[in-house]
Amino acid sequence: MAQTGTDRVKRGMAEMQKGGVIMDVVNAEQAKIAEEAGAVAVMALERVPADIRAAGGVARMADPTIVEEVMNAVSIPVMAKARIGHITEARVLEAMGVDYIDESEVLTPADDQFHINKSDYTVPFVCGCRNLGEAARRIGEGASMLRTKGEPGTGNIVEAVRHLRLVNAQVRKVVGMSEDELMTEAKELGAPYEILLQIKKEGRLPVVNFAAGGVATPADAALMMQLGADGVFVGSGIFKSENPAKFARSIVEATTHYEDYKLIAELSKGLGTAMKGIEMSTLEPSQLMQERSF
Amino acid sequence: MMTVKIGVLGLQGAFREHAKALEATDTEISIVKRVHELDGLDGLVIPGGESTTMRRLMDKYELFEAIKDFAKDKPVFGTCAGLILMAKKIDGQKGPHLGLMDINVKRNAFGRQVDSFEAELHIKGVADNFAGVFIRAPYITEVGEEVEVLATYDNKIVAAQQGHFLTAAFHPELTDDNRFHQHFVEMVKGRVFV
């Protein structure tokens, strides 16, 4: 008999996205630009992170009309964001048939203590992480894909680099540890022991890990691939740039050919202005989206 | 020892999983991102991923014609997106991609991701208990006379072979079972060493 919602089909869906670029879009027109540029999926939103940051207030799940409009416009998978801990937003998105839910710190958390128990759902989830503790807790809750958080809507790659380097360094440490040291490591990281044991045995995270939060240029995307990301999310970087279609195509190509520097030089020529970035030190601690999770 | 060289198209998708599945079958494996990397290969695997993304990257880096050329006398194995890229006709779409196999295919035919599933399959000449992992999978709606149907699920064609072309709507590369890959390796060997 056929079984839906198994770990293998949920995690496998993310495996199919590897080496690709997932782009934030706010309407059908942007979704089509993303698909034509070679995006492997789109994230349907009401506002891109840079605009969420600028608008302030409470950021919630997008209007279902927008999500539906995007689902009808493209044949590639459509993802959508639910607030951290907002079980109902997640169930609504699942009922609408979105292909992946991002339980995302870009939106204002609905629960300040608990994330969604993602194992309960047929639809797969992606979650953000800054370190292996967060990554392993999210996997423990049933996330089928991870993305290092970076700092969304800043166009500044520095946090994305920090988070990806840290997660990968901590994975390497766990893999190199003796099994009898793992329980203390689990305690220190705040990570489920079983997940660390699995990482040690397999030599890698058990789910795909993309990079997110600050990718603004083809070189940024290639950098994240070089540092070991399985793919990249680009939020504000494409549709806040001067020439979205060209930016989107170049970022897709730079992600595939991330070690071909002559090509990345070509791809970076005459792109026009990238999104205006934000220097991290100008943000108040309360403005950091990456701090939102437990 | 007779070893064949098999390339896995590495533009996007689950190409490392295919390489891993092939590692267990006594073959030399390489990842293909550029035209010159097809040189010296005896067979090619087109992995699962997003067919629109792969097609765009094939066009951009002149791989499209090169793969069609390669496929004239070398075996090709496509899974999921690879199946879509190999089909002569795609439902609701103007033209095909590589158009290697005489099959009509319907994209996302089993539904969206929430409908993705696992089911046991009988694959003719390969296995009678193969774990089929279907992810936003296509299926084949029609086949030409020269096409042999290898597996069906729910009366839908999900695996087929036509001469030196092999295709599956599911993902053998996501399982630890490499019998389907072994079947492809035998096809490649059959062409190289006969």
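Residues numbered from 1 in each chain as written. Chains lettered and ligands numbered in written order. Predicted model: local features only at pLDDT ≥ 70, side-chain atom pairs only at ≥ 80, totals over all residues. Heavy atoms only, no water.

If you look chain A up in an unreviewed UniProt entry, it shows as Pyridoxal 5'-phosphate synthase subunit PdxS from Scopulibacillus daqui. Turning to chain A, the UniProt annotation filed under Catalytic activity (unreviewed entry) states: "aldehydo-D-ribose 5-phosphate + D-glyceraldehyde 3-phosphate + L-glutamine = pyridoxal 5'-phosphate + L-glutamate + phosphate + 3 H2O + H(+)". A UniProt comment under Subunit (unreviewed entry) is attached to chain A, and it reads "In the presence of PdxT, forms a dodecamer of heterodimers." (UniProt positions renumbered as here; feature names shortened; annotations may be inferred.)

Undergrad: Would you explain the UniProt feature "binding site: D-ribose 5-phosphate" (unreviewed entry) in chain A in this entry?
TA: Residues and elements named next belong to chain A. Mapped onto the present numbering, the UniProt feature "binding site: D-ribose 5-phosphate" (unreviewed entry) falls on Asp 24, Gly 153, Gly 214, Gly 235 and Ser 236. In three dimensions, the annotated residues from a span of 213 residues occupy one location, with a maximal C-alpha spread of 12.5 Å. One can find Gly 153 in the loop between strand 7 (145-148) and helix 7 (158-176). Residues within four places of Gly 153 in sequence aside, it is in contact with Pro 49, Ala 50, Arg 53, Ser 236, Met 275 and Ile 278. Checked against the element boundaries, Gly 214 lands in the loop between strand 8 (208-211) and helix 10 (218-226). Apart from the residues within four sequence positions on either side, Gly 214 is in contact with Glu 151, Thr 154, Gly 155, Asn 156, Ile 157 and Asp 220. (Helix = DSSP H or I, 4+ residues; strand = E, 2+ residues; numbered from the N terminus. Contact = heavy atoms within 4.5 Å.)

Undergrad: I keep staring at the interface of chain A and chain B and nothing clicks. Help me out?
TA: Interface size, as often reported, equals the accessible area lost upon joining of the parts. Opposite the 44 residues of chain A that make contact, chain B presents 37 residues. Where chain A abuts chain B, roughly 3100 Å² becomes buried across the two surfaces, and 51% of that area is made up of carbon and sulfur atoms. For chain A, the biggest contributors to the area lost against chain B are Arg 8, Met 16 and Lys 18 of chain A; these three give 23% of the whole. The interface formed by chain A and chain B contains seven salt bridges. Seen at the junction of chain A and chain B, the total is 25 residue pairs in polar contact (both at pLDDT 80 or more). Breaking the side of chain A that touches chain B down by element, the ones donating at least two residues are strand 1 (3-4), helix 1 (7-15), helix 2 (28-37), helix 12 (244-256) and helix 13 (261-268) of chain A. Classifying every residue of the side of chain A that touches chain B by side-chain character gives 19 nonpolar, 14 polar and 11 charged. Direction of pairing for strand 1 of chain A relative to strand 7 (residues 117-123) of chain B: antiparallel, over a ladder of two bridges. The partner of Gln 3 of chain A across the bridge, within strand 7 of chain B, is Glu 118 of chain B. (Buried area = accessible area lost by both parts, 1.4 Å probe. Salt bridge = Lys/Arg side-chain N within 4 Å of Asp/Glu carboxyl O. Polar contact = N/O pair within 3.5 Å; in protein donor to acceptor, adjacent residues only side chain to side chain. Nonpolar A, V, L, I, M, F, W, Y, C, P; charged D, E, K, R; others polar. Pairing = 2+ DSSP bridges.)

Undergrad: Can you help me understand the environment of Gln 17 of chain A in this one?
TA: Within the element layout of this structure, Gln 17 of chain A appears in the loop between helix 1 and strand 2 (21-25). With 221 residues separating them along the chain, Gln 17 of chain A and Ile 238 of chain A place their C-alpha atoms 19 Å apart. Residue contacts for Gln 17 of chain A: discarding those within four places in its chain leaves Ile 22, Val 40, Ala 41, Pro 77, Met 79 and Phe 210 of chain A together with Gln 12 and Glu 50 of chain B.

Undergrad: What am I meant to see in the pattern of salt bridges here?
TA: Oppositely charged side chains can form a pair if their charged atoms are brought close together. All chains considered together, the criterion is met by 29 salt bridges over all chains. A salt bridge links Glu 15 of chain A to Lys 18 of chain A, with the nearest nitrogen and oxygen atoms 2.7 Å apart. Relative accessible area serves as the criterion here: at 8%, Glu 15 of chain A is assigned to the buried category. The buried category is assigned to Lys 18 of chain A, whose relative accessible area is 5%. For the salt bridge of Arg 34 of chain B with Asp 260 of chain A, the shortest nitrogen-to-oxygen distance reads 2.7 Å. Of this pair, Arg 34 of chain B sits in the loop between strand 2 (27-32) and strand 3 (43-46) while Asp 260 of chain A is found in the loop between helix 12 and helix 13, placing the two residues in two different chains. Asp 260 of chain A sits in the partly exposed class, given a relative accessible area of 24%. Shared partners join several salt bridges into a network, and the residues in it are Lys 81, Asp 102, Glu 105 and Arg 147 of chain A. (Buried < 20%, exposed > 50% of the residue type's maximum accessible area, 1.4 Å probe, protein only.)

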